[in-house]
Amino acid sequence: MTKLIRGGTVVNHDHSQRVDVLVRDGAIVAIGDNLEAPAGAEIIDAGGCYVMPGGIDPHTHLELTFMGTVTADDFEWGTKAALSGGTTMVVDMCIPSPGQSLLAAYQDWRRKAEGAAGDYGFHMAISWWDKQVFDEMETCVKTYGINTFKHFMAYKGALMVNDDQMYNSFQRCAALGAMPIIHAENGDVVWHLQQHYLAAGVTGPEGHAYSRPPLVEGEATNRAIMIADMAGCPVYIVHTSCREAHDAIARARAAGQRVYGEPLIQFLVLDEDEYRHKDWEHAARRVMSPPFRSKDHQASLWAGLQSGSLQVVATDHCAFTSEQKRLGRNDFTKIPNGTGGLEDRLPMLWTAGVNTGRLTKEEFVAVTSANIARILNVFPKKGAVAVGSDADLVIWDPTASKTISAKKQISRIDYNVFEGYRCTGLPRATLLRGAITWLDGDLRAEAGAGQYVPRDPFPAVHVANATWRELTAPQPVARAEVTP
Ligand code: URP
Ligand code: ZN
Ligand code: ZN
């Protein structure tokens, strides 16, 4: 299977070049000016388009059982939606229920992912702690190719872990060459605020936002970062939504800590007014944690992407139908938390980021693909248009437009949080390891064609983090005898 992509401009995170790309057997085999087409090669005309590495969404919840129900997009439809929007790989959260073996959860997730149409990997959640978890973390890293462990600081009584568990797990990550990733909200305070607002008669979706103010996120982000520093490991903060969390990340980075932050495309475009919408359904469909914030917080997130203190734009795709959202009709704490976005992430970010001059096209590639490939240790197999890389490519037409509409989407839910947004900049074609999965509005992705992507542990130098360790290097102090 040989393809020659002709006439486009290759855009990587660090440079762009008007060159052709030759693809054979799933990989990029040549890049250069006016490449000859080998006999039998299929020619793809990329004239007027950019040829970029396929998007990588490092934060999804496909077929996840959560808050009493199961997310509507499974691996097949989630990855098909992703491919239609230029994303060729997702990293899904494998979440053992408290008490469940990590190894059993991994097998469950591999089974669920059999229908995936795009490539995928997993983060493993630490939802409880004992010797078994400690031991199984090693198998996850060394046998299953999972180098990231997710910790929920919220969802009290369900997935939430405490500081004791986090410190233990972070130290284990440091020893194994793995990285903790964090849902940073103070779950105890959220619980108290939820009771407070319910008692005050606030039962609608606005109560969800009131009970999760930026301070609960800022405090938890700061705490996770400092625990990571003390444990001597890097740390990745998911769904960073507010200035307080961004400030904590930027401060730690300035101090030399290896800390990463991930705003979502939803946070960059949508704001807290959504929760004040007169229509309960409209507001409930946008309930997620952390919630959408004010414009001021949005500005901070954009600034972080522009300056490099935030590195990745994800979706946290966790899609529930309107009917599922109705589980919380009379109590906002029961509205299943989560929104979709897999097929819209790239077009929305191009429109709101590149077309507005906030991001260059190279920065766009960095925050949608290359940075996370490097952070997760799969670069340059993924995240690059380079000889030897997987031919995961998006041929991007910067002039093509569409208006987002749930009626036309691939995702299985019945609404879209970006409904009515006009996007300019769309994938003309998406290639997964050289196979065309999306072309001119035609979905050609095949269930089961996705491959599991294992990831190597990080080298020791990467985890030798600890600004704190230098200060506390053990030095016994010589003291004079004290006589009473
Ligand atoms: O509301 C959200 N974010 N739902 C998905 C689960 C999580 O917290 O990431
Ligand atoms: Zn989360
Ligand atoms: Zn999530």
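Numbering of residues starts from 1 in each chain and follows the order in which that chain's sequence is written. Starting at A for chains and at 1 for ligands, labels are handed out in the order in which the entities are written. In keeping with the predicted nature of the model, local features appear solely for residues at pLDDT of at least 70, side-chain atom pairs appear and are counted solely at 80 or more, and the whole-chain, interface and lining totals rest on all residues. Note: side-chain values were computed over all heavy atoms of the structure, leaving out hydrogens and water.

*Asks:* I tried to follow the sheet that holds strand β2 (residues 9–11) on my own but got confused; where do I start?
*Replies:* Strand pairing in a sheet relies on backbone hydrogen bonds. The paired strands run either parallel or antiparallel. Pairing between strands is defined by DSSP: at least two bridges between the two strands are required. Under the scheme used here, helices are H or I runs from DSSP no shorter than 4 residues and strands are E runs no shorter than 2 residues, and both carry numbers assigned from the N terminus. Judged by pairing direction, the sheet is mixed, and its seven strands sit side by side in the order β3-β2-β7-β17-β18-β19-β20 without closing on themselves. Strands at the two margins of the open sheet, each flanked by one partner only, are β3 (16–17) and β20 (442–443). Pairing of β2 with strand β7 (residues 50–53), which is carried by two bridges, proceeds in the parallel orientation. Within the sheet, the bridge partner assigned to V10 lies in β7 and is V51. Note on definitions: a residue-residue contact is assigned when non-hydrogen atoms from the two residues lie within 4.5 Å. The angle between two axes is taken between their N-to-C directions and runs from 0 to 180 degrees, where each axis is a line fitted to C-alpha atoms and a helix contributes only its stretch in contact. Contacting β7, β17 (393–403) and β18 (422–432), helix α13 (residues 345–354) crosses the sheet at an angle of about 135 degrees to β18. Packed on one face of the sheet, helix α14 (residues 361–375) meets β2, β3, β7 and β17 and runs near 30 degrees to β7.

*Asks:* Whenever I open this one, the site of ligand 1 confuses me. Can you help?
*Replies:* Whether a residue is near a molecule or strand is decided by its heavy atoms; if any one of them lies within 4 Å of it, the residue is near. As a matter of local geometry, ligand 1 sits amid 13 residues, with Y155, H183, S289, D316 and N337 nearest to it. Taking H61, its side chain carries an N or O atom lying 3.1 Å from an oxygen atom of ligand 1. S289 is positioned with one of its backbone polar atoms (N or O) 2.8 Å from an oxygen atom of ligand 1. Definitions used throughout: a 1 Å grid over protein atoms alone; a cavity as a set of points that fits a 1.4 Å probe which cannot get out; a pocket as an open set with protein on both sides within 12 Å along at least five of seven lines; a lining residue as one with an atom within 4 Å of a point. To qualify as sitting in a cavity or pocket, a molecule needs more than half of its atoms within 2 Å of the grid points. Placement of ligand 1 is best described as lying within the largest cavity. Here a polar contact is taken to be a pair of N or O atoms separated by no more than 3.5 Å, where protein atoms must pair a possible hydrogen donor with a possible acceptor and residues adjacent in sequence count only if both atoms sit in side chains.

*Asks:* Before we go on, may I ask you to explain the nonpolar core in this structure?
*Replies:* Soluble globular proteins tend to bury their nonpolar side chains together. Counting residues in hydrophobic clusters, the biggest one holds 63 residues, and the most contacted among them are I237, L268, L349 and F364. Excluding its chain neighbours within four sequence positions, the residues that come into contact with L268 are Q298, L301, W302, L305, V313 and L349. Among the buried residues, those of types Ala, Val, Leu, Ile, Met, Phe, Trp, Tyr and Cys that are joined through side-chain atoms within 4.5 Å form a nonpolar core. Buried, partly exposed and exposed residues are distinguished by accessible area as a fraction of the type maximum, computed with a 1.4 Å probe on protein chains only: under 20%, between the cut-offs, and over 50%, respectively.

*Asks:* What's the story with empty space enclosed by the protein in this structure? I'm lost.
*Replies:* If a probe as big as a water molecule is rolled over the atoms, it shows which places are left empty. Grid points are joined across faces, edges and corners, and a volume is the space filled by probe spheres set on the points. For the structure shown, the criterion picks out three cavities of 30 Å³ or more. Empty space within the largest cavity amounts to approximately 120 Å³. Every residue lining the largest cavity is counted, 17 residues in all, and those nearest its centre are H61, F66, Y155, D316 and C318. In this classification, Asp, Glu, Lys and Arg are treated as charged, Ala, Val, Leu, Ile, Met, Phe, Trp, Tyr, Cys and Pro as nonpolar, and every other residue, Gly included, as polar. Residues belonging to the lining of the largest cavity are distributed by class as follows: eight nonpolar, seven polar and two charged.

*Asks:* Sorry if this is basic, but what is going on with helix α1 (residues 75–84) here?
*Replies:* Each α-helix turn comprises 3.6 residues. Residues three or four places apart therefore point the same way. Most of α1 sits out of view: eight of its ten residues are buried. Buried residues along α1 sit against β11 (87–94), α2 (102–112), β12 (119–125), β18, β19 (435–439) and β20. The backbone nitrogen of E76 has a side-chain oxygen 3.2 Å away, supplied by the residue at the start of α1, namely D74. After α1 finishes, the residue G86 shows a positive phi value of roughly 95 degrees.

*Asks:* Any chance you could explain the coordination of the zinc ion (ligand 2) here in plain terms?
*Replies:* Counted as coordinating are nitrogen, oxygen and sulfur atoms within 2.8 Å of the metal, or 3.2 Å for Na, K and Ca, while water is not included, which may make sites look incomplete. Every protein donor of the zinc ion (ligand 2) is accounted for by H183 (ND1) and H239 (NE2), and the metal-donor separations fall at 2.0 to 2.1 Å. For a four-donor site, all angles between 85 and 135 degrees give tetrahedral; for four or six donors, opposite pairs above 155 degrees with the remaining angles between 65 and 115 give square planar or octahedral; all remaining cases count as irregular. One can describe the site at the zinc ion (ligand 2) as irregular: its four donor atoms subtend angles covering 58 to 149 degrees at the metal. The distance between the zinc ion (ligand 2) and the zinc ion (ligand 3) comes to 3.7 Å. With H183 in strand β14 (residues 179–183) and H239 in the loop between β15 (235–237) and α8 (243–254), the pair connects residues that are 56 residues apart, well separated along the chain.

*Asks:* Would you mind going over the pairing of strand β1 (residues 2–6) with me for this structure?
*Replies:* Summarising burial for β1: four of the five residues are buried, a large majority. For β1 and strand β4 (residues 20–24), the ladder comprises four bridges, and the chain directions are antiparallel. From the neighbouring strand, I5 faces β4, where its bridge partner is V21. Relative to strand β6 (residues 42–45), β1 runs parallel, the two being bridged by four bridges. Bridge pairing links K3 to E42 in β6.

*Asks:* Mind showing me how you'd approach the sheet that holds β6 here?
*Replies:* With mixed pairing, the four strands of this open sheet are ordered in space as β5-β4-β1-β6. With partners counted over all chains shown, the strands left at the sheet margins are β5 (27–32) and β6, one partner each. On average, each strand axis in the sheet is tilted by 20 degrees relative to the strand beside it, whichever way the strands run.

*Asks:* Help me out: how do you make sense of the side chain of T221 in this one?
*Replies:* Looking at the element boundaries, T221 is found in helix α7 (residues 214–231). What makes T221 buried here is its relative accessible area of 0%. In this structure, T221 is in contact with A184, I237, A245, A248 and I249, ignoring residues within four places of it in sequence.

*Asks:* What exactly am I supposed to notice about the coordination of the zinc ion (ligand 3) here?
*Replies:* In a perfect tetrahedron of four donors around a metal, the angles come out at 109.5 degrees. In a perfect octahedron of six, they are 90 or 180 degrees. Within the protein, the atoms that donate to the zinc ion (ligand 3) are H59 (NE2), H61 (NE2) and D316 (OD), at distances of 1.9 to 2.1 Å. Classification of the site at the zinc ion (ligand 3) rests on its four donor atoms, whose angles at the metal span 86 to 134 degrees, yielding the label tetrahedral. The sequence pattern formed by the donor residues of the zinc ion (ligand 3) is H-x1-H-x254-D.

*Asks:* Could you clarify how one ought to interpret the layout of surface pockets in this entry?
*Replies:* There is about 520 Å³ of room inside the largest pocket. Taken together, 28 residues make up the lining of the largest pocket; nearest its centre are F66, M67, Y155, A158 and L159. A total of five residues in the lining of the largest pocket trace back to one element, the largest contributor, which is helix α5 (residues 187–199). Considered class by class, the residues forming the lining of the largest pocket number 14 nonpolar, ten polar and four charged. Here the second largest pocket defines a volume of roughly 370 Å³. What lines the second largest pocket is a set of 21 residues, among which S84, K402, K408, L426 and W438 lie closest to the centre. The set of elements that each furnish at least two residues to the lining of the second largest pocket consists of β17 and β18.

*Asks:* Sorry, what's going on with the packing of aromatic side chains here?
*Replies:* Aromatic rings in a pair are described by how distant their centres are and how their planes are angled relative to each other. Any two rings among Phe, Tyr and Trp, with Trp reduced to its six-membered ring, count as a pair given centres within 6.5 Å; such a pair is stacked if its planes are under 30 degrees apart, edge-to-face if over 60, and tilted if neither. Scanning the model with the defined rule gives 20 aromatic pairs in all. Plain terms: the ring middles of F267 and F292 are 6.3 Å apart, the flat faces sit at 75 degrees to each other, and that makes the pair edge-to-face. Linking F267 in helix α9 (residues 265–269) with F292 in the loop between α10 (280–284) and α11 (295–307), this pair joins segments that are 25 residues apart in sequence. Looking at F267, the relative accessible area reads 2%, which means it is buried. The class of F292 is buried, set by a relative accessible area of 1%. Summarising the aromatic geometry, the rings of F364 and W396 are spaced 5.7 Å apart at their centres and angled 45 degrees between planes, so their arrangement reads as tilted. Here the residue F364 occupies a position in helix α14, and W396 occupies one in strand β17, the gap between them amounting to 32 residues. For the pair F364 and W396, one class covers both residues: buried. Note that R110 overlies the ring of Y452, its terminal NZ or CZ placed 4.2 Å from the centroid. Two conditions define a charge sitting above a ring: the NZ of Lys or the CZ of Arg must be within 6 Å of the ring centre, and it must be within 35 degrees of the ring normal. Sitting over the ring of F379, R374 keeps its end group 5.9 Å from the ring centre.

Just distances and angles here, no functional claims.
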